[in-house]
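Descriptive analysis of the structure
Chain by chain, the residues:
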Amino acid sequence: MEVTQILLNAQAVDATVRKHAEESLKQFQEQNLPAFLLSLSNELANNEKPVDSRKLAGLILKNALDAKEQLRKAELVQRWLSLDVTIKSQVKSCLLHTLSSPVPDARSTASQVIAKIAGIELPQKQWTELIASLLSNIHQLQSHVKQATLETLGYICEEVSPQVVDQDQVNKILTAVVQGMNASEGSTDVRVAATRALYNALGFAQTNFSNDMERDYIMRVVCEATLSPVEKIRQAAFECLVAISSTYYDKLASYMQDIFNITAKAVREDEEPVALQAIEFWSSICDEEIDILDEYGYSADSEVPCYYFIKQALPALVPMLLETLLKQEEDQDQDEGAWNLAMAGGTCLGLVTRTVGDDIVPLVMPFIQENITKPDWRQREAATYAFGSILEGPSSDKLIPVVDTALNFMLTALTEDPNNHVKDTTAWTLGRIFEFLHGSMLEVSVITHVNCQQILTVLLQSMKDVPNVAEKACGALYFLAQGYEDSSGSPLSPFFQEIIQSLLNVTHRDDAGESRLRTAAYETLNEVVRTSTDEIAPIVTQLLPVIMMELHKTLEGQKLSSDEREKQNELQGLLCGCLQVIIQKLGASETTKYGFMQYVDQIMELFLRVFACRNATVHEEAMLAIGALAYAVGGNFIKYMQGFYPYLEMGLQNFQEYQVCAITVGVVGDLCRALEDKILPICDGIMTQLLKNLSSSQLHRSVKPPIFSCLGDIALAIGENFEKYLIYAMPMLQSAAELSSHTVATDDEMLEYANQLRNGILEAYSGILQGFKNCPKSQLLMPYAPHILQFIDALYNEKDMDDVVMKTAVGVLGDLADTLGSHASTLMNQSVASKEFLEECLSSDDPSIKESAEWAKMAISRVVSL
């Protein structure tokens, strides 16, 4: 059977035909990969073939080169690189040939595949002629070839990093792209493709943006494109401006007046997709300025100066944003994914407020006062949304007088306004008032013992309203409770029983599945319990069997459809989360622990039944709850280990749902703290699995730092019994330490991960050193000490540790001296870190680093004359 027919069959309506075709393709790929790739690329290049088979051929080709999963991707890259050169050349020539096909779908698919191959080969200094041959296409007269070539160049810029392409080629790509955007270019398709390609190529234009003339030219072309008669071009041009605002913020000063004019025109007059991007430009500028001001404060010595574009634009920007708030859609509150002009404008107004603080309030208050009582719901809702948007950023001195005046009005509106939109936004705004202007940290709070009861009555009433309003009312109650977290007496305490009952009633509503209502009610219930005062403990204890009963009901064996099963899993997850909070609350003090102990057997039995359901989300929640239970029960938890151990092992083996694996690793830590050396009988099994996880390339990298920390927890729990694991654990720690101390961090994410890994390794060393302290076997650690010191030296020399790593590292220095005593002195004297690094930590501004360093200095001074 020829490949065309198989590809068409693979898209057939008949499942049997489809399955058979998929099997044939899989077999073909496994038996003869070169022939498979060639026949697919020939199919894609052949204009006689049906468009559906060509598209699928291209898609399969693309999937043969790339995968979302990092390890699979690396395998596919190696597989392509090891293919015979002639095969690769034939595939590539078919793909380049397809760019001139009259069929748009075939061209577009070929563009993507070419970019995937470029992503593999260009970094290896292969296919070096690709960009030159694409650029020669630009001078073709046929516009569809130009369009496909520009699209391909754009995809290539998305796939490869700027270091891979030399500046001369970057200049040529940018020239071709900017020429393609010019209004003199006759074809709309070419101009759209060029504008989208520029968006992807902006990261390559660092040098060009540093040159005034080139930057002026690029900016002029982009700004002109925002005025194109074609909507797609205008939208793509504004997307370029948004990208420029974050990548080249420091180069924008001379263009801001023009950009304000074109964005204001677009927001007021253009189609929604274009107007949304115009607002996004200002949101992006806010993000940049918030980052600069957060990181460097208002000091002049920041690497990137803050140009205060938002502050300067305020008088014109705020009225423009307030106008957008009146452009709501009728059903936006019901639609979770809704995004429109009013929402974008409100979000931007919130960011502007965080950027400029107090200055925003006088500019927005007149709009609120003018519209808040208007008969048209749109005006009342816009005024309320504006109010809610300016609550994060300004000082409480500026806001509290305003909020004091408005609070009663808002509470009345929440129960009496005839319009659901207005009620929804009012409840959201009340939540923001409680989040930002109420709490023990503030000198003055908007909530007093006097108005608290009225607020509570209104919120509990509102929780009976339609789902979207009730969900926001739950959210407001959440922040109301959170504000009393650290206060000695909460005015909510007398109403605790009523609050709990109201929230439980919400979870039982028939429509609680809409607007995330049930989830919001449980999240609020958890917060109310978490922040409650000790005098409420008896009521929390009464809540425990109620939630246990709810969980028990979900476990009774009824036959469910897959949709019902999903809802039930979600409910089980929420109930396990709720039990976790109750356990933590009651387990925190000896007085409250007593009443809760009678339920532990039943709780544990419920959790084990939950594990038997085999659902990832529920597993995570149940694991976390068991960690809390072990911590509360302490050494007596040992009696549950026989039933629980198989599930613990399953969690540690769950590479697919790696979050479950990470949480299970955390629970092993909880068990170590609860059981101490009683954990010994299961240590072999746990250690075997943890070491296996560390050496596996299949496990998501984010789980590895907590596994290292966990080795430290185990050593701390079992002390010198850890001896038999040293020969396995230490070499693994050493090689990981070497790798992590010399990581060349190409970006922030990479550096953050390197620091998590370093911290995990140091926590392991710390636990092992402390575990062997004061016992004769501590000398077994001597052979490893030089390496631990070298690791800390290397980290000190790299100069890219974050504060968390610094604190742990200086602690490990102290642990070395503390455990190894005088044996460590010679090593300490040779180490740079123990002197210079210690000094640096002692003079740190961070009190926790300083405290750690002072302890370390004391420990070291006992064995070394500093």
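Below or above, wherever it landed, is the structure these notes cover. (Residues numbered from 1 in each chain as written. Predicted model: local features only at pLDDT ≥ 70, side-chain atom pairs only at ≥ 80, totals over all residues. Heavy atoms only, no water.)

1. Describing the overall build of the protein chain
- Within the protein chain one finds 42 helices and 0 strands.
- Here the protein chain has a C-alpha radius of gyration of 32 Å; the compact-globule value for 866 residues is 29 Å, and the two agree.
- Across its three principal directions, the C-alpha atoms of the protein chain cover 85 × 75 × 65 Å.
- In the protein chain, the proportion of contacts linking residues at least 24 apart, taken out of those at least 6 apart, comes to 71%.
- Here the protein chain has roughly 38900 Å² of accessible surface; of this, 51% comes from carbon and sulfur atoms.
- Side chains of the protein chain carry 66 positive and 115 negative charges; the gap between the two charge centres is 4 Å. (Helix = DSSP H or I, 4+ residues; strand = E, 2+ residues; numbered from the N terminus. Rg over C-alpha atoms; globule rule 2.2 N^0.38 Å. Contact = heavy atoms within 4.5 Å. Areas by Shrake-Rupley, 256 points an atom, 1.4 Å probe, with all protein chains shown as cover. Lys, Arg positive; Asp, Glu negative; His and termini not counted. Charge placed at Lys NZ, Arg CZ, Asp CG, Glu CD.)

2. Regarding unusual backbone geometry
- Even without a glycine there, the phi angle at K125 is positive, about 60°.
- One non-glycine residue, E676, adopts positive backbone phi at about 50°.
- Tracing the backbone shows E676 in the loop between helix 33 (658–675) and helix 34 (680–695).

3. What about the pattern of salt bridges?
- Enumeration according to the criterion identifies 38 salt bridges in this entry.
- With a shortest N-O distance of 3.9 Å, K567 and D563 are connected by a salt bridge. You can see K567 and its partner D563 sitting in helix 28 (residues 562–587), 4 residues apart, about one turn around the helix.
- For K567, a relative accessible area of 55% translates into the label exposed.
- On the basis of relative accessibility, which here comes to 46%, the residue D563 falls in the partly exposed class.
- Here K593 ties to E590 by a salt bridge, and the two come within 3.5 Å at their closest N and O atoms. Taken as a pair, K593 and E590 lie in helix 29 (residues 590–597) at a separation of 3 residues, close to a single helical turn.
- Each of D424, E471, K472, R516 and E523 takes part in one network of salt bridges that share partners. (Salt bridge = Lys/Arg side-chain N within 4 Å of Asp/Glu carboxyl O. Buried < 20%, exposed > 50% of the residue type's maximum accessible area, 1.4 Å probe, protein only.)

4. Side note on the side chain of T355
- Its place among the elements puts T355 in helix 18 (residues 341–356).
- Overall, T355 belongs to the buried group, its relative accessible area being 6%.
- In this structure the side chain of T355 is engaged in a polar contact, spanning 2.7 Å, whose partner is the backbone oxygen of L351. (Polar contact = N/O pair within 3.5 Å; in protein donor to acceptor, adjacent residues only side chain to side chain.)

5. Some thoughts on the packing of aromatic side chains
- Inspection of the entire model under this criterion finds 15 aromatic pairs.
- Geometrically, the ring pair formed by Y249 and Y307 is tilted, given 5.8 Å between the ring centres and 55° between the ring planes. In this pair, Y249 is assigned in the loop between helix 14 (231–247) and helix 15 (256–269) and Y307 in the loop between helix 16 (272–296) and helix 17 (309–324), connecting sequence segments 58 residues apart.
- Accessibility expressed as a relative area gives 2% for Y249, which makes it buried. (Phe/Tyr/Trp six-rings, centres within 6.5 Å; stacked < 30°, edge-to-face > 60°.)

6. Considering the environment of D486
- With respect to the element layout, D486 can be found in the loop between helix 24 (467–482) and helix 25 (496–507).
- Its relative accessible area of 60% is what places D486 among the exposed residues.
- With 428 residues separating them along the chain, D486 and G58 place their C-alpha atoms 60 Å apart.

7. Some points on the packing of helix 8 (residues 130–137) against helix 9 (residues 143–159)
- Two numbers describe how helix 8 lies on helix 9: the axes approach to 9 Å, and their chain directions differ by 150°. Relative to helix 9, the element helix 8 is oriented roughly antiparallel. The way helix 8 lies across helix 9 gives a crossing that is left-handed. On helix 9, the residues that touch L130, L134, L135 and N137 of helix 8 are V145, K146, T149, T152, L153 and I156. (Axes fitted to C-alpha atoms, helices over the stretch in contact; angles between N-to-C directions. Parallel < 35°, antiparallel > 145°, perpendicular 65-115°, else oblique. Left-handed = near helix turned anticlockwise from the far one by under 90°.)

8. Notes on the environment of E570
- Positionally, E570 belongs in helix 28.
- Using a relative accessible area of 47% as the deciding quantity, one classes E570 as partly exposed.
- The spatial distance from the C-alpha of E570 to the C-alpha of R518 is 9.9 Å, given a sequence separation of 52 residues.

9. Side note on the nonpolar core
- Ranked by internal contacts, the top residues of the largest apolar core, which has 308 residues, are F607, F637, F644, I714, F722 and F837.
- Counting residues per element, this core draws most heavily on helix 16, at 12 residues.
- Those residues in contact with F607 that lie beyond four places of it in its chain are L551, C576, L579, I583, A622, A625, I626 and L629. (Core = buried A, V, L, I, M, F, W, Y, C linked by side-chain atoms within 4.5 Å.)

Remember that the coordinates give geometry; whether it matters functionally is a separate question.
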